[in-house]
Amino acid sequence: VILDTKGRFVEVNKKVEEKLGYKKEELIGKKFTEAGVLTKKSILITYKNFLKRLAGFEIQPYEIEVIKKNGEIIIGEINAAPIKENDKIIGDLVIVRDVTFRKKAEEEIKKSKEILEKVFLSLDSAIFILDNKIPPVILDCNPAATKIFGYEKEEMIGKTTEFLHVSKETFQEFQKVLYPTIEKKGYLTNFDFRMKRKNGEIFPTEHSVFPLKDEKGNRIGWVSVVKDITERKKYEEELKKRIEELEKFYEIAIGRELKMIELKKRIKNLKGKLKEKGVK
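Just so we're clear, the structure is a prediction, and the values are computed from it rather than from any experiment.

How each quantity is defined
- Sequence order sets the numbering: in each chain, residues are counted from 1 along the sequence as written.
- In keeping with the predicted nature of the model, local features appear solely for residues at pLDDT of at least 70, side-chain atom pairs appear and are counted solely at 80 or more, and the whole-chain, interface and lining totals rest on all residues.
- Side-chain measures here rest on the full set of heavy atoms in the structure, leaving out hydrogens and waters.
- The numbering of helices and of strands both runs from the N terminus, where a helix is a DSSP run of H or I of at least 4 residues and a strand a run of E of at least 2.
- The span one expects for a helix is its residue count, reduced by one, times 1.5 Å.
- Under the scheme applied here, a residue whose accessible area is under 20% of the maximum for its type counts as buried, over 50% as exposed, and between as partly exposed, the area being computed with a 1.4 Å probe on protein chains only.
- By construction, the arc corresponds to the directions joining the helix axis to the C-beta atoms.
- Any two residues whose heavy atoms approach within 4.5 Å at even a single point are treated as in contact.
- By definition, no residue in a patch forms a salt bridge, and every one has over 30% relative accessible area; like charges are joined within 9 Å, nonpolar side chains (Val, Leu, Ile, Met, Phe, Trp, Tyr) within 5 Å.
- All accessible-area figures derive from a Shrake-Rupley calculation using a 1.4 Å probe, and residue coverage is judged against the displayed protein chains alone.
- Should a side-chain nitrogen of Lys or Arg be within 4 Å of a carboxyl oxygen of Asp or Glu, the pair is scored as a salt bridge.
- Nine residue types can take part in a nonpolar core, namely buried Ala, Val, Leu, Ile, Met, Phe, Trp, Tyr and Cys, and a core is a set of them joined through side-chain atoms within 4.5 Å.

Visitor: Help me understand helix α7 (residues 168–185) in this model?
Guide: Residues spaced three or four apart along an α-helix face the same direction, because each turn holds 3.6 residues. If you check α7, its first and last C-alpha atoms are 26 Å apart, about what 18 residues at 1.5 Å a residue would give, namely 26 Å. Taken together, the buried positions of α7 are occupied by Thr170, Phe171, Phe174, Gln175, Leu178, Thr181 and Ile182. Looking straight down α7, one finds its buried side chains confined to an arc of 150°; they lie on one side. Opposite the packed face of α7, turned more than 90 degrees from it, sit the exposed residues Lys176, Glu183 and Lys184. Turning to α7, the residues buried within the fold contact β8 (188–196), β9 (202–213) and β10 (219–228). Residue Gly186 follows α7 closely and has a positive phi angle near 95°.

Here you go:
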């Protein structure tokens, strides 16, 4: 778009017609503030920056809302520069780039990021974001990680995960399971393994590890989810104990029942023999 110093359309290219739906003749000679192509908010922003450019100030690219002839609003990114003749400003050259799709994508990414952050913060499982080094280094962790392991976040960031394991040997055992499984399946899930809290307590956990990849599919890190399954293990042990007790009771009860059946059978046989001998 080319504007004169009064803000009137002097020239527009074919893309303006294609994007907005206006014919060139419908815009030429009209002020951009009165042509109905900008929202009220965008008119104020654009006019302010227009005056600044005419005064010789350099204006960085900015975004505005553009109204198409059919009423649809798109987002335009403005890049503009004054047109000079003999060092005198005689107009304004304005390039408008349609960034509607990009803005929508950014909004979707923002929403997704907010949702992920809420999930990250609210989960009761420890979540560790790790880099791609061997062994990997902790880049970030959620509040549940500090609660489960007893370390402050600052004590964990920048360290490998070895200190969270029972020993160096168990850490190596974990890696021996992790890497082959990742190579085969692409991830590791529901893997039970013992870990160690800051106070030295060893406790059972359930691990799920997923690779973080860039847009080209290259692994750039890991997401490690660690669930404290102490209560579940206690319940499983209690359940196992109950089942064993029931099995023993069943064996005793069945054994007793079998003995009673055998005893009744013997009594019946004895009665038969006595009857044969005429004993009443």
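Visitor: Would you mind showing me how to read a nonpolar patch on the surface here?
Guide: A grouping of Tyr235, Leu239 and Ile243 is seen on the molecular surface, where their side chains present a nonpolar patch of about 310 Å² in accessible area. Mapping Leu239 onto the fold places it in helix α8 (residues 230–276). Leu239 gets classed as partly exposed once you look at its relative accessible area, which sits at 40%.

Visitor: Looking at this structure, I do not really get the nonpolar core. What am I missing?
Guide: One recurring pattern in soluble globular proteins is that nonpolar side chains are buried together. Counting residues in hydrophobic clusters, the biggest one holds 23 residues, and the most contacted among them are Ala126, Phe128, Ile138, Phe149, Met156, Leu164 and Phe174. Elements represented by at least two residues in this core include exactly β6 (126–131), β7 (138–141), α5 (143–149), α7, β8, β9 and β10. With four residues, β8 is the single largest residue contributor to this core. Other than its neighbours up to four places away in sequence, Phe174 contacts His165, Leu188, Phe191, Phe193, His207 and Val209. Counting 22 residues, the second largest nonpolar core, distinct from the first, contains Leu3, Val37, Ile59 and Val66.

Keep in mind that these numbers describe shape and distance, not what the molecule does.
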